[in-house]
Amino acid sequence: AAMKQTKGLEGDRKSIIKFEFNPKDGIDNPALSLAEDTDGEGLGEPRFYLLSKGSTETFGFCLHEELGCQGHIIREVELGGLAQRRGLQDGDRLLQVNGHFVDHMDHRRVVQKIKASGNQVLLAVLDGGSYEAAKALGRDLSQLLPADIRPRLCHITRDKSGFGFSVSGPEGRRGTFQLSVQQDGPAERAGVPTGSWLLELNGASVRSYSHAQLTKKLKQSSSKVTLLVASSAVEEFYRLQGIQVTAVVADTSWLPFKVRELHMVKGPAGYGFLLKEGDCRSGATGQFLWDVDAGLPAEQAGMREGDRLLAVNGESIEGLDHFETVRRIRAYEDWVTLVVIDPAGDEFYHSVG
């Protein structure tokens, strides 16, 4: 079954086999390895794809909602496009976006989730036949997926005793570091689970670091440090899928830096702010909010001078020019919802990639 999927995708054969075929399942359970050929009697396994595109490219597929068909359906898989090169197939049903189960969600919201993900998104899909069969059997599709596949991004501020964690790793092996966390210390308060594996330090992968290099980098971090960590189960999941864990798919709920959603209804004097184009920390061009008038809707919604605009009405503005961004803000006569971040948060997210 795994090989059958890879026709015409020679370049990616290796990664597709990794997604398609988990030897631990396939050998003892012929229904799984033959799922392609049993017309839905055996259920196929969900497949995971990390799609990374340039800011002017598309992911190379459309998501449809179709009469008489359940689920969010992958359609119009572009020949030679990113989705096809990775192995997405026409008729696949989308189950998860960046670790969030979406099968039960409103279609527009799912499309927005993908758009809001920017240039990188982790998708879990199930082939159409298996999906229909599972639905007919009344299966709970969320049960087919690992419960939590997200690594955690944690920002730790040192106290007088230190960061509150220690690092151990196999003698002489680079890049493999496990964390022990002190009870009630800064690391535990920042959300670092004890026994988790360290993947990135301050936005840089630790894969090539020796123990001595890591210790030195931690010393250089002065009073604050940001870790991307994963439990053993999450780390093994990504390894089996052949996907590199990055901060893009991380659970950021533990971070002190939050984006803010501003919902504004236009008053007689307008919204009361100006949008200006400027340079971001990353060197890219961004859209910034200035001249926030006291007492008008923008200020009342919580807008602050210097905020950077990230999304308009649920859609990321990454890659859009000033004119197009303004057009989107004016799309509705008298209301708009903006997602913004303040300069400190912007700088932080840039620093961790």
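Definitions and limits used
- Residues numbered from 1 in each chain as written.
- Predicted model: local features only at pLDDT ≥ 70, side-chain atom pairs only at ≥ 80, totals over all residues.
- Heavy atoms only, no water.
- 1 Å grid on protein atoms, 1.4 Å probe; cavity = no way out; pocket = protein on both sides within 12 Å on 5 of 7 lines; lining within 4 Å.
- Points joined across faces, edges and corners; volume = space filled by probe spheres on them.
- Helix = DSSP H or I, 4+ residues; strand = E, 2+ residues; numbered from the N terminus.
- Nonpolar A, V, L, I, M, F, W, Y, C, P; charged D, E, K, R; others polar.
- Patch = residues over 30% accessible without salt bridge, like charges linked within 9 Å, V, L, I, M, F, W, Y side chains within 5 Å.
- Areas by Shrake-Rupley, 256 points an atom, 1.4 Å probe, with all protein chains shown as cover.
- Salt bridge = Lys/Arg side-chain N within 4 Å of Asp/Glu carboxyl O.
- Buried < 20%, exposed > 50% of the residue type's maximum accessible area, 1.4 Å probe, protein only.
- Pairing = 2+ DSSP bridges.
- Phe/Tyr/Trp six-rings, centres within 6.5 Å; stacked < 30°, edge-to-face > 60°.
- Lys NZ or Arg CZ within 6 Å of the ring centre and 35° of its normal.
- pLDDT = per-residue confidence, 0-100.
- Contact = heavy atoms within 4.5 Å.
- Arc of directions from axis to C-beta.
- Lys, Arg positive; Asp, Glu negative; His and termini not counted.
- Charge placed at Lys NZ, Arg CZ, Asp CG, Glu CD.
- Core = buried A, V, L, I, M, F, W, Y, C linked by side-chain atoms within 4.5 Å.
- Domains from an automatic or database assignment.
- Polar contact = N/O pair within 3.5 Å; in protein donor to acceptor, adjacent residues only side chain to side chain.

- Under an unreviewed UniProt entry, the protein has the name NHRF4 protein and belongs to Upupa epops.

### Here we look at the layout of surface pockets
Move 1: Taken as a whole, the largest pocket encloses approximately 1,900 Å³ of empty space.
Move 2: Elements with a contribution of two residues or more to the lining of the largest pocket: helix H6 (107–116), strand E13 (260–265), strand E15 (285–290), strand E16 (308–312), strand E18 (335–341) and helix H13 (343–351).
Move 3: In terms of residue class, the lining of the largest pocket is made up of 20 nonpolar, 18 polar and 10 charged.

### Quick word on a nonpolar patch on the surface
Move 1: A cluster of nonpolar side chains, namely Val265, Tyr332 and Trp335, defines an oily patch on the protein surface of about 280 Å² accessible area.
Move 2: Residue class for Tyr332 comes out partly exposed when judged on its relative accessible area of 39%.

### A short note on the pairing of strand E4 (residues 93–97)
Move 1: Counting buried residues in E4 gives five out of five residues, a clear majority hidden from the surface.
Move 2: The pairing of E4 with strand E5 (residues 100–101) spans two bridges and is antiparallel. Note that in E5 the partner of Gln96 across the bridge is Phe101.
Move 3: Where E4 folds back on E5, the antiparallel hairpin that results is connected by two residues, among which Asn98 adopts a positive phi of roughly 50°.

### Some points on the packing of aromatic side chains
Move 1: The final tally for this structure, using the stated rule, is seven aromatic pairs.
Move 2: Measuring from ring centre to ring centre gives 4.5 Å for Tyr332 and Trp335, while their planes differ by 15°; the resulting arrangement is stacked.
Move 3: The class for Trp335 is partly exposed, based on a relative accessible area of 31%.
Move 4: Taken together, a centroid distance of 5.3 Å and an interplanar angle of 75° make the contact between Phe348 and Tyr349 edge-to-face.
Move 5: Residue Phe348 is classed as buried on the basis of its relative accessible area of 5%.
Move 6: With a relative accessible area of 26%, Tyr349 lands in the partly exposed category.
Move 7: Site record: aromatic cluster; members linked through ring pairs are Phe48, Phe237 and Tyr238.
Move 8: Geometry around Phe59 places Lys53 over its ring, the cationic atom sitting 5.3 Å from the centre.

### Things to note about the pattern of salt bridges
Move 1: One pass over the full model with this rule turns up 13 salt bridges.
Move 2: Its salt-bridge partner being Lys115, residue Glu315 comes within 3.5 Å of it at the nearest N-O pair. Here the residue Glu315 occupies a position in strand E17 (residues 315–316), and Lys115 occupies one in helix H6, the gap between them amounting to 200 residues.
Move 3: Salt bridges linked by common partners bring Lys115, Glu315, Glu324, Arg327 and Arg328 together as one network.

### Observations regarding the confidence of the model for the protein
Move 1: Here the protein averages 86 in pLDDT, and 88% of its residues register 70 or above.
Move 2: Across residues 1–41 the pLDDT falls below 50, and counting only partners more than four positions away or on other chains, this stretch makes 50 contacts in the model.

### Let's talk about H6
Move 1: Along H6, the positions that sit buried rather than exposed are His107, Val110 and Ile114. Down the axis of H6, the sector holding all buried residues measures 65°, keeping them to one side.
Move 2: Contacts made by the buried residues of H6 are with strand E2 (62–64) and E4.
Move 3: Gly118 lies just past H6 and shows a positive phi near 80°.

### Considering a negative patch on the surface
Move 1: A surface patch of like charges, here negative, comprises Asp291, Asp293, Glu299 and Glu305.
Move 2: Position of Glu299 relative to the elements: it lies in helix H11 (residues 297–301).
Move 3: The exposure class assigned to Glu299 is partly exposed, which follows from its relative accessible area of 38%.

### Examining the pairing of strand E10 (residues 197–201)
Two faces make up the sheet, and in a regular strand the side chains alternate between them.
Move 1: Of all five residues that make up E10, four are buried, and the element is covered over most of its length.
Move 2: Alignment of E10 against strand E12 (residues 224–230), held across four bridges, turns out to be antiparallel. By the bridge assignment for E12, Leu198 is matched with Val229.
Move 3: Two elements, E10 and strand E11 (residues 204–205), share two bridges in a ladder whose sense is antiparallel. The residue of E11 that forms the bridge with Leu201 is Ala204.
Move 4: Adjacent in sequence and paired antiparallel, E10 and E11 are bridged by two residues, among which Asn202 carries a positive phi angle near 50°.

### As for the nonpolar core
Move 1: Residues Phe48, Leu122, Leu153 and Tyr238 are the most contacted members of the largest nonpolar core, which totals 29 residues.
Move 2: For this core, the elements supplying multiple residues, two or more each, are strand E1 (47–52), strand E6 (120–126), helix H7 (128–136), E12 and helix H10 (232–241).
Move 3: Taken domain by domain, this core gets at least three of its residues from each of domain 1 (47–144) and domain 2 (152–249).

### Comments concerning helix H12 (residues 322–329)
Move 1: Looking only at H12, the buried set comprises Glu324, Thr325, Val326 and Ile329.
Move 2: On its buried side, H12 packs onto strand E14 (274–279), E15, E16 and E18.
Move 3: Sitting at the head of H12, Asp321 places a side-chain oxygen 3.4 Å from the backbone nitrogen of Phe323.

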